[in-house]
Amino acid sequence: MLHIKDINHVVYRHADLDLLERFLLDFGLTVSHRTEQRLYLRGTGTLPYVYIAERADTPSLGAIAFAVESFADLHAAERLPGASAIQALKHPGGGHCVVLHDPSGRRIELVHGIQPVEALAQRSALVLNSAVEKRRFGDVQRPGKGPAKVMRLGHVAIGVADMPSMIGWYRNVLGMLPSDLIVEGDEQDCPSAAFLRLNRGINWTDHHTIALFQANRDVIHHASFEVQDFDAQCLGHEWMDDQGWTPFWGVGRHVLGSQIFDYWRDPSGNLIEHFTDGDLFNHTSPMNCTQACDSSLYQWGPPMSVEYFLGGSNENEPVTPRSLAERRRHTR
Ligand SMILES: [Fe+2]
């Protein structure tokens with residue numbers, strides 16, 4: 001079995017890298033490197049990039065990359081059906097990768113040996129006083145305005161046409177474990193959504209690293225990035241709104257995974273999410289099945305847009321930041 005450490009980065013293709021850069025900076029990522037064709041963006045952690053934007057006429061998701069524990073995992077991966085040979089990564093920080101493709105043809109990269117960089121400054125999580133438990137004494141709460149600094153990539157959600165074969169591949173090839181299924185009736189073999197986590201043994205890991213949503217075709221749904229806490233998320237929402245970007249859905253709290261979520265559309269029309277306070281599972285955590293219903297996706301928050309289920313970039317009109325004047329007209 002492959003030993004996957006974590007999701008590492010995503011590769012997206014965009015027509016306008018300058019506009020995308022404005023968006024992603026407001027979203028809370030930091031540019032770490034750029035070339036004529038590529039923009040590399042990092043979070044505050046030690047990875048040199050968590051998001052690679054490639055210049056292309058047609059927007060799409062280029063790849064999802066996972067970090068494996070050791071070079072031996074790359075050797076094991078290159079023996080898988082359809083796998084590439086081990087190849088050097090031509091990105092900042094070097095390293096090596098093996099390229100696979102899931103049953104929908106989506107490019108999956110397994111990477112190892114990328115040189116870490118120094119973490120960026122990041123405020124500590126706020127110390128909260130609950131009604132019963134007081135933990136902050138003689139100190140004030142001033143998190144400060146600005147973008148919600150992205151700390152790491154957390155998960156990717158994709159729409160899939162053939163749910164059984166996709167679940168089978170992510171379970172059997174990448175070794176993922178199902179945390180939650182959304183089902184209609186007792187259709188466990190073909191759920192309408194599957195939330196899959198990494199198999200990290202006894203170690204705790206995110207409730208899901210890949211989410212699969214049943215769709216009429218294979219399409220990227222969203223990529224999700226973790227921020228420090230609830231205040232960071234709300235202040236980040238306010239920041240994005242003030243810069244004229246169009247909110248999609250949030251702030252609210254999901255049911256499956258429990259994350260507090262906040263979705264935006266990037267300039268190419270892709271959904272991108274801030275999350276915080278997600279559940280952690282390990283190999284002993286049981287799989288749960290939930291019947292599909294309106295309340296299966298969120299506990300609280302604004303009403304869910306029906307467009308949430310449409311997801312993917314290519315159907316969506318590209319968006320540009322609203323001017324402040326236009327925004328004021330909308331909010332009057
Ligand atoms: Fe998500």
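Residues numbered from 1 in each chain as written. Predicted model: local features only at pLDDT ≥ 70, side-chain atom pairs only at ≥ 80, totals over all residues. Heavy atoms only, no water.

## Digging into the coordination of the iron ion
Now for step 1: Coordination of the iron ion by the protein is provided by H155 (NE2), H222 (NE2) and E273 (OE), with metal-donor distances spanning 2.1 to 2.2 Å.
Now for step 2: Along the chain, the residues donating to the iron ion fall in the pattern H-x66-H-x50-E. Here E273 lies in strand β17 (residues 271-276) and H222 lies in strand β14 (residues 219-227), a separation of 51 residues in the sequence.
Now for step 3: Its relative accessible area of 2% is what places H222 among the buried residues.
Now for step 4: Look at E273 and you get buried, because its relative accessible area is 1%. (Donors = N, O, S within 2.8 Å, 3.2 Å for Na, K, Ca; no water. Helix = DSSP H or I, 4+ residues; strand = E, 2+ residues; numbered from the N terminus. Buried < 20%, exposed > 50% of the residue type's maximum accessible area, 1.4 Å probe, protein only.)

## Things to note about the nonpolar core
Now for step 1: Ranked by internal contacts, the top residues of the largest apolar core, which has 53 residues, are Y51, F66, L110, Y170, L174, L212 and F225.
Now for step 2: Ranked by residues supplied to this core, first place goes to helix α1 (residues 17-27) with 6 residues.
Now for step 3: In terms of nonpolar packing, the next biggest core, distinct from the first, is built from 15 residues, F213, W249, L271 and Y308 among them. (Core = buried A, V, L, I, M, F, W, Y, C linked by side-chain atoms within 4.5 Å.)

## Focus on the sheet that holds strand β16 (residues 260-265)
Now for step 1: Reading across from one edge, β19-β10-β11-β13-β9-β14-β17-β16-β15-β20 is the order of the 10 strands in this open sheet, with mixed pairing throughout. If you trace the sheet from one side to the other, it starts and ends with β19 (288-291) and β20 (298-300), each paired once. Averaged over all adjacent pairs, the angle separating strand axes in this sheet is 25°, with direction ignored.
Now for step 2: Relative to the sheet, α1 contacts β9 (150-160), β14, β16 and β17, its axis offset from that of β17 by approximately 15°. (Pairing = 2+ DSSP bridges. Axes fitted to C-alpha atoms, helices over the stretch in contact; angles between N-to-C directions. Contact = heavy atoms within 4.5 Å.)

## Some words on the packing of aromatic side chains
Now for step 1: On inspection of all chains with the given rule, the structure shows 13 aromatic pairs.
Now for step 2: Seen in terms of ring centroids, F23 and F27 are 6.2 Å apart; in terms of plane orientation they differ by 15°. Their pairing is stacked. Taken together, the positions of F23 and F27, both in helix α1 and 4 residues apart, correspond to about one turn of that helix. Across the pair, F27 and F23 agree in class, each one buried.
Now for step 3: Aromatic side chains W249 and Y298 sit 5.0 Å apart centroid to centroid with 85° between the ring planes, which places their arrangement in the edge-to-face category. Taken together, the residues span a long stretch of sequence, with W249 in strand β15 (residues 247-254) and Y298 in strand β20 at a distance of 49 residues. Y298 matches W249 in its accessibility class, with the two residues each being buried.
Now for step 4: Members of the aromatic cluster, connected to one another through ring pairs, are Y12, F23, F27, Y51, F225 and W245. (Phe/Tyr/Trp six-rings, centres within 6.5 Å; stacked < 30°, edge-to-face > 60°.)

## Let's talk about the sheet that holds strand β5 (residues 60-68)
Now for step 1: In spatial order, the strands read β2-β3-β4-β1-β5-β8-β7-β6; together these 8 strands make up an open sheet with mixed pairing. Whereas interior strands pair on both sides, the edge strands pair on one side only; in this sheet they are β2 (30-34) and β6 (87-88).
Now for step 2: The sheet contact formed by strand β3 (residues 38-42) and strand β4 (residues 51-55) spans 4 bridges and is antiparallel. Residue L41 lies in a different strand from β4, and its bridge partner there is Y51.

## Topic: the UniProt feature "domain: VOC" (unreviewed entry) in the chain
Now for step 1: According to UniProt, the "domain: VOC" (unreviewed entry) feature falls on residues 6-113 and 152-277.
Now for step 2: For residues 6-113, the helix share is 17%, the strand share is 44%, and the end-to-end C-alpha distance is 13 Å.
Now for step 3: From the first C-alpha to the last, residues 152-277 spans 13 Å; its make-up is 18% helix and 45% strand. (UniProt positions renumbered as here; feature names shortened; annotations may be inferred.)

## Topic: the pattern of salt bridges
Now for step 1: Counted according to the given criterion, the structure contains 11 salt bridges.
Now for step 2: The partner of D6 in a salt bridge is R152, and the shortest N-O contact between them spans 3.1 Å. With D6 in strand β1 (residues 4-14) and R152 in strand β9, this pair connects stretches of sequence that are 146 residues apart.
Now for step 3: Residue classification places D6 among the partly exposed residues on the basis of a relative accessible area of 23%.
Now for step 4: With a shortest N-O distance of 3.5 Å, E54 and R13 are connected by a salt bridge. With a gap of 41 residues between them, E54 in strand β4 and R13 in strand β1 connect regions that are remote in the sequence.
Now for step 5: The exposure class assigned to R13 is partly exposed, which follows from its relative accessible area of 30%. (Salt bridge = Lys/Arg side-chain N within 4 Å of Asp/Glu carboxyl O.)

## Observations regarding α1
Now for step 1: By the criterion of burial, α1 is predominantly enclosed, with 8 of the 11 residues buried.
Now for step 2: All of the buried residues along α1 are L17, L19, L20, E21, F23, L24, D26 and F27.
Now for step 3: Of the residues that open α1, the one with a side-chain oxygen 3.1 Å from the backbone nitrogen of D18 is D16.
Now for step 4: In the segment just after α1, G28 is the residue with positive phi, at about 115°. (Polar contact = N/O pair within 3.5 Å; in protein donor to acceptor, adjacent residues only side chain to side chain.)

## What about a negative patch on the surface?
Now for step 1: Together, E184, D186, E187 and D189 give the surface a local cluster of negative charge.
Now for step 2: According to the relative accessible area criterion, D189 is exposed, its value standing at 66%. (Patch = residues over 30% accessible without salt bridge, like charges linked within 9 Å, V, L, I, M, F, W, Y side chains within 5 Å. Areas by Shrake-Rupley, 256 points an atom, 1.4 Å probe, with all protein chains shown as cover. Lys, Arg positive; Asp, Glu negative; His and termini not counted. Charge placed at Lys NZ, Arg CZ, Asp CG, Glu CD.)

## Thoughts on the pairing of β16
Now for step 1: The element β16 is extensively covered by neighbouring structure, given that 6 of its 6 residues are classed as buried.
Now for step 2: The alternating pattern of β16 places I260, D262 and W264 and F261, Y263 and R265 on opposite faces, both of which are buried.
Now for step 3: Two strands pair when backbone bridges link them, and β15 and β16 are joined in this way by 5 bridges, in the antiparallel orientation. Opposite G252, over in β16, you have F261 as the bridge partner.
Now for step 4: The antiparallel hairpin formed by β15 and β16 contains 5 residues in its connecting segment, where G257 sits at a positive phi of about 105°.
Now for step 5: Pairing of β16 with β17 involves 6 bridges; the strand directions are antiparallel. Looking across to β17, one finds that F261 is bridged to F275.
Now for step 6: The antiparallel pairing of β16 with β17 creates a hairpin that spans 5 residues between the two strands, and G269 there sits at a positive phi of about 100°.

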